[in-house]
Amino acid sequence: MEIVTFISGKGGVGKSTLTCNVAVGLSARGKRVLVIDLDPQNIQRLHLGMDPEEIAGLAREGINDDAVFDSPFGVRFIPFGRLQDGELVEFEQQLRLHPDWVKNGIANLDPGAYDFVLIDTPPGATTYLQQALHAAHRALVVLLADAASFATVARILALVATHTRNNEAFIEQHIVLNQMPLRSKLSHQVRKSLIEHYGSMVVPVSVRRDPGVPQALAFERPVLQYEPTCPASQAIQALADWLIDSSEAS
Ligand SMILES: Nc1ncnc2c1ncn2[C@@H]1O[C@H](COP(=O)(O)OP(=O)(O)O)[C@@H](O)[C@H]1O
Ligand SMILES: [Mg+2]
């Protein structure tokens, strides 16, 4: 089983979109996948077609086999769950006291049940990022191809280094570009500079900006299912395939 976390310095880059769609792409290749929504925004439930009234999730039930939901899209998931403000403060305090809470929760899942566990996180240096990096084997830093994103890379990579220092199972971190405009010299320049600075850390697949992506979310389904042949879906399937190859190579 490989644990992969999607992280970023900035919000709105596409972590949640990529987490759920890469999960669907892995599942299309016969992999058994669990998505864990470690973001209090609790948004994976929209991507994965869950009843909007449902309040259950890891913040209430913990990470265990009983907290797992089946999505209609071939992947299973544990939503964050819905908490009141006061409950959230208390939950985050617990996480700070137990920085391996997520790691231990995953370790207690049915050991033969999943090939991949994908963890979605909120942006920035949060207690959730720390939890995810303590548990992960691989981290995908999601970036937009613009100057502001470029400026956040060094900081997020430093955070990965800090939080994986004692994680002996951690393999590698990677940078993946999302929402690449079709014809933009600037974004291609950013990609080129990233490759110059970070070499093979930059994933060979970038995902185009594609109107199918927000449309799919409006219909509460993954774009890979909503519009499987659009450019974003094809790139995300290629990203899932790259992940399978990387996992088999390590
Ligand atoms: N490749 C893409 N093309 C077009 N829109 C995208 C793409 N990826 C993400 N988006 C849109 O960007 C917004 C933020 O995406 P989201 O996955 O929620 O980001 P994050 O989880 O990093 O905050 C959403 O409205 C989503 O539909
Ligand atoms: Mg998100």
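Reference entry: report on the structure contained in this document. On a predicted model such as this, the values are computed, not experimentally measured, just so you know. (Residues numbered from 1 in each chain as written. Chains lettered and ligands numbered in written order. Predicted model: local features only at pLDDT ≥ 70, side-chain atom pairs only at ≥ 80, totals over all residues.)

## Re the nonpolar core
Core analysis: the biggest nonpolar cluster contains 70 residues, and V35, L118 and A132 have the highest contact counts within it. Not counting residues within four places of it along the chain, the set of residues in contact with V35 comprises T19, C20, A23, Q44, L48, V75, F77, L118 and D120. (Core = buried A, V, L, I, M, F, W, Y, C linked by C-beta atoms within 7 Å. Buried ≥ 20, exposed ≤ 12 C-beta atoms within 10 Å, placed from the backbone. Contact = placed C-beta atoms within 7 Å.)

## Details of the site of ligand 1
Looking at ligand 1, there are 17 residues lining it, with G14, K15, S16, T17 and V213 nearest. Residue assignment for the shell around ligand 1 shows that the elements contributing at least two residues are α1 (15-28) and α9 (212-218). Among the residues making up the shell around ligand 1, the classes are represented as six nonpolar, eight polar and three charged. (Near = placed C-beta within 6 Å. Helix = DSSP H or I, 4+ residues; strand = E, 2+ residues; numbered from the N terminus. Nonpolar A, V, L, I, M, F, W, Y, C, P; charged D, E, K, R; others polar.)

## Description of the packing of α1 against helix α11 (residues 231-249)
For the pair α1 and α11, interaxial distance at closest approach is 8 Å and the crossing angle is 70°. Classed by the angle they form, the pair α1 and α11 counts as roughly perpendicular. Considering how the two elements wind past one another, α1 and α11 form a crossing that is right-handed. Every residue of α11 that contacts α1 at L18, N21, V22, G25, L26 and A28 is listed here: I236, Q237, L239, A240, L243 and I244. Among the residues forming the contact of α1 with α11, the class breakdown is nine nonpolar, three polar and no charged. (Axes fitted to C-alpha atoms, helices over the stretch in contact; angles between N-to-C directions. Parallel < 35°, antiparallel > 145°, perpendicular 65-115°, else oblique. Left-handed = near helix turned anticlockwise from the far one by under 90°.)

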